[in-house]
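Fold and geometry: a report
Below are the chains, spelled out letter by letter.
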Amino acid sequence: MSTNLRIMMLIVAILLFISVFIALKKGRMPLKYSLVWLFPDIILLLISCAPLSLWKFTELIGFQTVSNLVVGIFILMLFFITISLTIIVSGQNTKITLLIQEISLLKEKVREKNNNN
Amino acid sequence: MSAKILLIIPAYNEQECILKTYDSIITYCAEYNMDYDVIVINDCSKDSTSAILDINNIPHIDLIHNLGIGGAVQTGYKYAKENNYDIAVQFDGDGQHDIRYVQDIIKPILENEAEFVIGSRFVDNKNDNFRSSKARRIGIHIISFFIKLVTGEKIYDTTSGFRAVNKDIIEQFSKSYPIEYPEPITTTELLKKKYKFSEVPVKMHERIGGTSSIKAWKSIYYMINVILTILIIKIRRYPSVH
């Protein structure tokens, strides 16, 4: 892997870490959700620091160049993040539905009570 | 007969027929001395459904945001649970369902022969009034095939929204109910859990107004969704109730 690519990845990893860190510090993101980003960030960091000898297996798993492997890993990480987000959104959807139902039921009860008085 | 019975009527943009449906229920109950309670769930209709419900003093719940058919019906089951109903009947607000068949649908539950009952258009050929399109019939057959595959039980009218459930199932539905395509999915789940069911013949009318929740251009998407969900139910584990 070329040194340029290493430096690029290192910069991206650091920028990603800083933005997640700021979001955490300002309380815009709970730690639970930040892990979805921090794990890929660590992987990115490891890749950019990995010694040359490690990249020997690139061809073994069918990638022609190291940079292709890096792109492949990126795509995998994005899949992981997207699936996590889908799960989070679905959970929130269930909660919102519950809230709408309970509030609507409650409103009906209040209305009933007011009518009776 | 002391069972408390609730008719859950989900309504979305049903201003043309909701009052007619309600009146038919009231007239029927007065005539045959039946004691059905009604709750209309107004799924945040954009037309004047809410105003009609208010003016005519029809018992109803206005959802504060549109939830879709599953979310609306589930609100009805929650209401049924809170108010301790023994049987909940799902009844359409668009005039498709005939109030006279409610007693047929709840009968197997009252006699302890079934825990949930589906009002079916296809069990025998009572259906001279109702002509569903050929594509729709094929779709219903395909879903029926998959339900048979997953549960081993034969259901004829898999998409019928005319159904009754007992107290135990009211409790379950109030906790969890699919938001989309609820009928075939809940049927499969209940069968997988080994609930006793019965399918009784009913006549349905052509809808008076409103549009079906299954639109033509969405039907392929609908079929894929339902079949995949049914197959997922096959690999899920459910505790058997009996």
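Residues numbered from 1 in each chain as written. Chains lettered and ligands numbered in written order. Predicted model: local features only at pLDDT ≥ 70, side-chain atom pairs only at ≥ 80, totals over all residues.

Digging into the overall build of chain B
Along the backbone of chain B there are eight helices and seven strands. In summary, chain B has a C-alpha radius of gyration of 17 Å against a globular reference of 18 Å for 242 residues, a match within 12%. Judged by the C-alpha coordinates and their principal axes, chain B covers about 50 × 40 × 40 Å. The buried share among the 242 residues of chain B stands at 45%. Counted over contacts in chain B with a minimum sequence separation of 6, partners at least 24 positions apart contribute 78%. (Helix = DSSP H or I, 4+ residues; strand = E, 2+ residues; numbered from the N terminus. Rg over C-alpha atoms; globule rule 2.2 N^0.38 Å. Buried ≥ 20, exposed ≤ 12 C-beta atoms within 10 Å, placed from the backbone. Contact = placed C-beta atoms within 7 Å.)

Considerations on the interface of chain A and chain B
In this complex, chain A contributes seven residues to the contact, which on the side of chain B involves twelve residues. A breakdown of the residues in the side of chain A that touches chain B according to their chemical character gives three nonpolar, three polar and one charged. (Nonpolar A, V, L, I, M, F, W, Y, C, P; charged D, E, K, R; others polar.)

Remarks on the confidence of the model for chain B
Of the residues in chain B, 90% reach a pLDDT of 70 or more, and the chain-wide mean stands at 87. Scored by ipTM, the complex comes to 0.79, with pTM at 0.82. (pLDDT = per-residue confidence, 0-100.)

Considerations on the packing of helix 1 (residues 3-25) of chain A against helix 2 (residues 31-49) of chain A
Residues and elements named next belong to chain A. Where helix 1 contacts helix 2, the two axes come as close as 9 Å, and the packing angle between them is 160°. With respect to helix 2, the element helix 1 is oriented roughly antiparallel. Crossing angle aside, the handedness with which helix 1 passes helix 2 is left-handed. Here Arg6, Met9, Leu10, Val12, Ala13, Leu16, Phe17, Val20, Ala23 and Leu24 of helix 1 lie close against helix 2, whose contacting residues are Leu31, Ser34, Trp37, Leu38, Asp41, Leu44, Leu45, Ile47 and Ser48. Taken together, the residues of the contact of helix 1 with helix 2 sort by class into 15 nonpolar, two polar and two charged. (Axes fitted to C-alpha atoms, helices over the stretch in contact; angles between N-to-C directions. Parallel < 35°, antiparallel > 145°, perpendicular 65-115°, else oblique. Left-handed = near helix turned anticlockwise from the far one by under 90°.)

Brief notes about the pairing of strand 4 (residues 87-90) of chain B
Residue and element names in this part refer to chain B. Side chains of strand 4 alternate between two faces, with Ile87 and Val89 and Ala88 and Gln90 buried alike. Pairing of strand 1 (residues 5-11) with strand 4, which is carried by four bridges, proceeds in the parallel orientation. Within the sheet, the bridge partner assigned to Ile8 lies in strand 4 and is Gln90. For strand 4 and strand 6 (residues 163-165), the ladder comprises three bridges, and the chain directions are antiparallel. Among the inter-strand pairings, Val89 is bridged to a residue of strand 6, identified as Ala164. (Pairing = 2+ DSSP bridges.)

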